[in-house]
Amino acid sequence: MKKLALIFIVFISSNAFSGTLVENAKITHLANISSGADGFYVQVDGSGTGPCSGGSVFFTVGNQPSSSIEALNRAVSIAMLAFTMDLNVQIHNYSSDNCAGASYIRITKTEF
């Protein structure tokens, strides 16, 4: 029973610290990471909400599903489309609220 309670607490606490990094913001800058790591970063304007609004959000291969370079390539493609077409983005981190660990990006013409 104690093991089950511990697993439940760990599950709840890990989900409590993950979430949306930025929502309803526009990408103002897009660049690769120059530290030798596979990844890229976006800078978003302050029009959105979330802990990374008005700042930079980093995507690395290690934060992608199954540490997949293909998933990272899809994320950079979506980010470039959002940047080019001035679309709203939602960026999510599945493990924490750390702006250096984005895992997911979604775009829309209207606000989320």
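As the structure is a computational prediction, the values presented were derived from the model and not from experiment.

## What about the overall build of the protein?
What the protein contains, in helices and strands, is two helices and five strands. Taken from the N to the C terminus, the helices and strands of the protein come in the order α-β-β-β-α-β-β. Buried residues in the protein amount to 33% of all 112 residues. The contacts of the protein with a sequence gap of at least 6 include a subset with a gap of at least 24, amounting to 52%.

## As for the state of the cysteines
Working definition: the covalent bond between the sulfur atoms of two cysteines is a disulfide. Applying the stated criterion across every chain, the model contains one disulfide. Between the sulfur atoms of cysteine 52 and its disulfide mate cysteine 99 the distance is 1.8 Å. Where cysteine 52 bonds to cysteine 99 through sulfur, the torsion about that S-S bond is close to -100°, and the disulfide is left-handed. Here the residue cysteine 52 occupies a position in the loop between strand E2 (39-44) and strand E3 (56-60), and cysteine 99 occupies one in the loop between strand E4 (88-93) and strand E5 (104-108), the gap between them amounting to 47 residues.

## Overview of helix H2 (residues 69-85)
The end-to-end C-alpha distance of H2 is 24 Å, a good match for the 24 Å that 17 residues give at a rise of 1.5 Å each. Within the span of H2, buried status applies to Ala71, Leu72, Ala75, Ala79 and Ala82. The buried residues of H2 all sit within an arc of 100° when viewed along its axis, so they share a single face. Of the residues in H2, the exposed ones pointing more than 90 degrees away from the buried face are Arg74 and Thr84. Summarising the contacts, the buried residues of H2 are in contact with strand E1 (19-32), E2, E3, E4 and E5. Phi turns positive one or two residues past the end of H2, at aspartate 86, with a value near 60°.

## Some words on the side chain of threonine 108
Among the structural elements, threonine 108 can be located in strand E5. Only 3.3 Å separates the side chain of threonine 108 from the backbone oxygen of threonine 110, close enough to count as a polar contact.

## Details of the pattern of salt bridges
Enumeration over the complete set of coordinates arrives at one salt bridge. Salt-bridge contacts for lysine 26 lead to aspartate 86; the nearest nitrogen and oxygen are separated by 3.8 Å. One end of the pair, lysine 26, is in strand E1; the other, aspartate 86, is in the loop between H2 and E4, with 60 residues separating them in the sequence.

## What to know about the environment of serine 103
Its place among the elements puts serine 103 in the loop between E4 and E5. Since its relative accessible area comes to 10%, serine 103 is described here as buried. Considering only alpha carbons, one finds serine 103 and valine 61, 42 residues apart in sequence, at a separation of 8.8 Å. Not counting residues within four places of it along the chain, the set of residues in contact with serine 103 comprises Phe59, Asn63, Gln64, Pro65, His92, Asn93 and Tyr94. A distance of 2.9 Å separates a polar atom in the side chain of serine 103 from the backbone oxygen of asparagine 63.

The rules behind these values
Residues numbered from 1 in each chain as written. Predicted model: local features only at pLDDT ≥ 70, side-chain atom pairs only at ≥ 80, totals over all residues. Heavy atoms only, no water. Helix = DSSP H or I, 4+ residues; strand = E, 2+ residues; numbered from the N terminus. Buried < 20%, exposed > 50% of the residue type's maximum accessible area, 1.4 Å probe, protein only. Contact = heavy atoms within 4.5 Å. Disulfide = S-S within 2.5 Å. Expected span 1.5 Å × (residues − 1). Arc of directions from axis to C-beta. Polar contact = N/O pair within 3.5 Å; in protein donor to acceptor, adjacent residues only side chain to side chain. Salt bridge = Lys/Arg side-chain N within 4 Å of Asp/Glu carboxyl O.

Fair warning: the whole summary comes from geometry, so function is off the table for now.
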